[in-house]
Each structure stands twice: as structure tokens, then as C-alpha cells.
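Examining the three-dimensional arrangement
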Amino acid sequence: MANVNVAQIEPGMVLADDLKDQNGRFLLAKGVELSDKHLKIMKTWGVVEADIEGVTEQEMGEKQAADIDPKILEKAEEIEKQRFILSDLKHEAVHHLFQICVLRRAKKMSINPDLMKSDPFETATAPEESAVSENSKGPKYDPKKIIRNRIKLPSLPTIFHQINEAINDPKCSATHIANIISKDQSLSARLLQLVNSAFYNFPSKIETITRAVAIIGTKQLSTLSLGTCALAVFKDVPSDLIDMKSFWEHSIACGIIARILASYKNNTLTERFFVGGLLHDIGRLILFMSIPEISKETLLKAKETGCMLHQAENDIIGFDHSKMGGILLKEWKLPMSLENIVRFHHIKTESQIQLDTAVVHIADIMANALEIGNSGEHNVPPLVPKAWAEIGLSTGIITATVDQAKHHIDETMQILFRN
Ligand SMILES: [Fe+2]
Ligand SMILES: [Fe+2]
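Below is a short write-up of the structure.

About the thresholds
- Residues numbered from 1 in each chain as written.
- Chains lettered and ligands numbered in written order.
- Predicted model: local features only at pLDDT ≥ 70, side-chain atom pairs only at ≥ 80, totals over all residues.
- Heavy atoms only, no water.
- Helix = DSSP H or I, 4+ residues; strand = E, 2+ residues; numbered from the N terminus.
- Buried < 20%, exposed > 50% of the residue type's maximum accessible area, 1.4 Å probe, protein only.
- Areas by Shrake-Rupley, 256 points an atom, 1.4 Å probe, with all protein chains shown as cover.
- Donors = N, O, S within 2.8 Å, 3.2 Å for Na, K, Ca; no water.
- Tetrahedral: all angles 85-135°; square planar, octahedral: opposite > 155°, others 65-115°.
- Salt bridge = Lys/Arg side-chain N within 4 Å of Asp/Glu carboxyl O.
- Core = buried A, V, L, I, M, F, W, Y, C linked by side-chain atoms within 4.5 Å.
- Domains from an automatic or database assignment.
- Axes fitted to C-alpha atoms, helices over the stretch in contact; angles between N-to-C directions.
- Contact = heavy atoms within 4.5 Å.
- Nonpolar A, V, L, I, M, F, W, Y, C, P; charged D, E, K, R; others polar.
- 1 Å grid on protein atoms, 1.4 Å probe; cavity = no way out; pocket = protein on both sides within 12 Å on 5 of 7 lines; lining within 4 Å.
- Points joined across faces, edges and corners; volume = space filled by probe spheres on them.
- Expected span 1.5 Å × (residues − 1).
- Phe/Tyr/Trp six-rings, centres within 6.5 Å; stacked < 30°, edge-to-face > 60°.
- Lys NZ or Arg CZ within 6 Å of the ring centre and 35° of its normal.

Looking at the overall build of the chain
- Of the regular secondary structure elements, the chain holds 22 helices and four strands.
- The 419 residues of the chain split such that 54% are buried.
- Only carbon and sulfur atoms are counted for the fraction: they give 50% of the accessible area of the chain, which is about 19,400 Å².

Some points on the coordination of the iron ion (ligand 1)
- Here the iron ion (ligand 1) is held by Asp281 (OD), His321 (NE2), His345 (NE2) and His346 (NE2), and the distances to it run 2.1 to 2.2 Å.
- Geometry at the iron ion (ligand 1) is irregular, judged from the four donor atoms that bind it and their angles of 84 to 174 degrees at the metal.
- Read in sequence order, the donor residues for the iron ion (ligand 1) give the motif D-x39-H-x23-H-H.
- Between the two metals, the iron ion (ligand 1) and the iron ion (ligand 2), the spacing is 3.9 Å, and Asp281 donates to both. Taken together, the residues Asp281 in the loop between helix H14 (271-279) and helix H15 (282-290) and His345 in the loop between helix H19 (336-344) and helix H20 (355-369) connect sequence positions 64 residues apart. For the pair shown, Asp281 and His345 are each scored as buried.

Some details on the pattern of salt bridges
- Counted under the stated rule, the structure contains 16 salt bridges.
- When the shortest N-O distance is used, the salt bridge between Glu80 and Arg105 registers 2.5 Å. Here the residue Glu80 occupies a position in helix H3 (residues 70-83), and Arg105 occupies one in helix H4 (residues 92-111), the gap between them amounting to 25 residues. Comparing Glu80 with Arg105, the two get one shared label, buried.

Considering the nonpolar core
- One finds Leu221, Phe234, Leu279 and Trp332 to be the most contacted residues of the largest nonpolar core, which totals 122 residues.
- Of all the elements, helix H13 (residues 244-264) adds the most residues to this core, at 12 residues.
- The two domains that each donate at least three residues to this core are domain 2 (132-154 + 233-416) and domain 3 (156-229).
- Among the nonpolar cores identified, the runner-up in size contains 15 residues, and Leu39, Met42, Val47 and Val55 belong to it.

Some words on the packing of helix H11 (residues 209-216) against helix H12 (residues 218-231)
- Direction vectors running N to C along H11 and H12 enclose 120 degrees, while the axes themselves pass 6 Å from each other. The segment H11 lies against H12, with Ile209, Ala212, Val213 and Ile216 engaging Thr218, Gln220 and Leu221.
- Split into classes, the residues belonging to the contact of H11 with H12 amount to five nonpolar, two polar and no charged.

Looking at the coordination of the iron ion (ligand 2)
- Protein coordination at the iron ion (ligand 2) comes from His250 (NE2), His280 (NE2), Asp281 (OD) and Asp364 (OD), with a distance range of 2.1 to 2.2 Å.
- Coordination at the iron ion (ligand 2) comes from four donor atoms whose angles at the metal span 85 to 176 degrees, giving a geometry best classed as irregular.
- Mapped onto the sequence, the donors of the iron ion (ligand 2) take the spacing H-x29-H-D-x82-D.

Focus: empty space enclosed by the protein
- Counted under the stated rule, the structure contains two cavities of 30 Å³ or more.
- Computed from the structure, the largest cavity encloses a volume of approximately 70 Å³.
- Taken together, Ala93, Val94, Leu97, Ile362, Ile365, Met366, Leu383, Trp388 and Ile398 form the lining of the largest cavity.
- Taken together, the residues of the lining of the largest cavity sort by class into nine nonpolar, no polar and no charged.
- Size it by volume and the second largest cavity reaches roughly 50 Å³.
- Put simply, the parts of the chain that give the lining of the second largest cavity at least two residues each are H3 and H4.
- Per-element accounting of the lining of the second largest cavity gives the leading share, four residues, to H4.
- For the lining of the second largest cavity, the per-class residue count stands at three nonpolar, no polar and six charged.

Structural notes on H20
- Compared with an ideal rise of 1.5 Å per residue, which puts 15 residues at 21 Å, H20 spans 21 Å between its outermost C-alpha atoms and is within 8% of the ideal.
- Judged by how many residues are buried, H20 sits mostly within the fold: 14 of 15 residues are covered.
- Within two residues after H20, Glu371 carries a phi angle of roughly 55 degrees, on the positive side.

Things to note about the packing of aromatic side chains
- Evaluated as defined, the whole model comprises five aromatic pairs.
- Taking 5.4 Å as the distance between ring centres and 85 degrees as the angle between the ring planes, the aromatic pair formed by Phe84 and Phe98 counts as edge-to-face. Linking Phe84 in the loop between H3 and H4 with Phe98 in helix H4, this pair joins segments that are 14 residues apart in sequence. Like Phe98, Phe84 is buried.
- Geometrically, the ring pair formed by Phe160 and Trp332 is edge-to-face, given 5.8 Å between the ring centres and 70 degrees between the ring planes. Pair noted here: Phe160 is in helix H8 (residues 158-168) and Trp332 is in the loop between helix H18 (321-331) and H19, with a separation of 172 residues, a long-range link.
- Residue class for Phe160 comes out buried when judged on its relative accessible area of 0%.
- Three or more aromatic residues joined by ring pairs make a cluster, and in this case those are Phe160, Phe234 and Trp332.
- Cation over ring: Arg259 sits above Tyr200, and NZ or CZ is 4.4 Å from the ring centre.

Next up, the structure:
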């Protein structure tokens, strides 16, 4: 039995388990022999995978790989090995993700043979331990001073503070929060588009913020509002340092993947995972805006030595973007749960592992591995094995999450960044 992606399911295959949609609605019973009609139902209801009798996941992967020229597969594997140079490929989840990346690259190469000629990762090398630590001379900048003195952050919209105050006030009613959000037409429009997107898959259209608050919940919609407001602040980041579209694409991918992973844990309150993912690298934007020349050095060092960018930041600046981001969220008085996600998403000590940080840590690795946008990282970040153990999901979930996320990233990008 294996979790087989809908695209790979063929008529005649037999369900090894009851089939439900993302919201737990029963669709088909265990033992049903699937027909074209069933496959259509599955696609209509957004089913991404099903347990199929008599096939293994390895067989499904091999079946896909068998259709590709072995030379192309070999080249794709060689390139991916360089990108995964910091990762332990023996870890089953990392290995699964690696294989997905090899297949994706090989498929792209089969369609566009020009990709075989150039090697986009030719400079990737294993990090030299000493290169990361030997030059460290301790903190050179004070992150709090950077936020307070070095850059003039455009002020957050008043509505941000009003929403923040309202969610922190236990006496504040759902109607009051809906009224605050409804006052801002642009924010309301974006939120309604978000909750009506395929991502939420509600059976009927949500027309008003009051209804959205009732369905999604006060705290959930407020968190989503805060995340949406926060994005608007970052506009003047030097374009020679980072492509902002690519940066937000990476952030949205991380947020969406985090939300999907959390939903597999039967967690219904998933907005903090989405917004946590959305904001996880935000500290990097502050660094780019406040100390652009030094930030350029960090990018160069990470590229030349093959180390993680946060290590290069620590080495050159004395702290990294996760600390900077955490301080920013604290200054903005955002909920502690979001601050912790941003501060600890690279998980440097075991005490930083909680479900929230572990989920975003893994989502970040997946977004980097799949090359959906980029926030400056050159190699795929290494997985902290205990973070994978913390979320307690099977490796099969990785394929399903990748397939599900693809559908939602472009749509969410459109909604949040249409201007
Ligand atoms: Fe990061
Ligand atoms: Fe990231």
C-alpha cells in the first residue's frame, strides 16, 4: 500500500483506505476499484493523494523515473547533490525530498535540454567549518539600534495597531474586530479574496468580514490581517541585493507549506503557521535595508564558502536575520507564537523545538529545496532531525504537500501582491 498522487492514479487501482477530502468529508470507501469517474470526483474535490493497494511508494517513484533518459536523471542527481550538500541524505524525509527534487529537475531538463548544459550551482561547495567560525569577532552591530536608529521603517498602518490591541483585549468581541477590519477596504478585499481562495476550499462564497470572522475565528482572521499589513511596510529594499518578488514567493511558499503540514496534524488553527512562514525571513529585509554593503558581504560569503546565509550573517554581523526578525516582531507587539516562529525557524538548540518552529523549519527547507522563490539562500538548509520527529508525519506527506502547495502559491501571490 502507498500514498499515491492523484496524477499517478490509474483506473483499475484499488483504494486501500476510505477516501476523504481535505475537510474530512467522506468520498469513496476502502476497496473501491477506481474508474475514470472516480478520478474526476477526486480532482473536483481537491484530493491530492489516496492510499492504493498493491503498490509501494518506491515503485511509484521508480515508475516515474523509468520514463526519463538515465543520462538526464544522472545529471539532475548530480546537481541536486550539490544543492543538498549541507543535508544528511540518509535521513528518510530528506532523502524523499531529494528524490522529488531530482525528478522535478530531470523532468524540466527533458523538456528543455539547454538546462543540461549549464550548471546553476557550479560554485556550490561543502562549507569549511573554520570559514564560518574563525573570523567571528562577536557582535559588531546592535540589532535593537538597527531597528530604532539605522532605518526609518515606514510606519505600520493604524489599523495594524487597532487589530493588535483588539486581539490582546479579552473583552473585545468578534463584531468589534470585524468592524475594525471592515474599515480598511483594501485589507478587507485582500482578506476576503484569501478566504475565498482554493486554499480554504469553503463550499460557499464568504461575502463579508463578519462572516469570515464567524467561520475562520477572530484570532485566526486577525493573525492573517496582521501578516497582510506587515508585508506592505517593505518596499525600499535594494534590488541588487534581493529580488523582492522572489523573496515573497519564497515566504508565501513557506507559509503555505507550513499551513498544509499543520493541517495534517489535525490542527485547525493554522493561520499562525501561514503568517509565521510568511514572515520567517523578514529580518533579512531589515538587514538589507539598514546595512546593505555588509549584507552584500554575507551573501558573498555564503555563496563562496557554501555555508548557510544565517551562519555568514552571524559571522560578519554578529547576529542573524532570525534574531533581527524576532526583535522586529517584538517591537511590533505581534503575538509571541509568531515571534518564536521567526526567531527560531533555523533551530539552533533543541530547546527551540516546538510544533510551530519545527513546522516552519521544515516548510523553509521544502520551499528552498523546491526552488519556489528565494530569500538569498544558495543551498538547501539542513534538517534538524528532532524537528522532523516533533511533527511526527510520514515521509509520504512530503509528496502530497508539494502537490497541494503548488496550486495555492500563485493564487496567494496574486492576492497579496497584485499591486
Ligand atoms: Fe531564515
Ligand atoms: Fe527562508
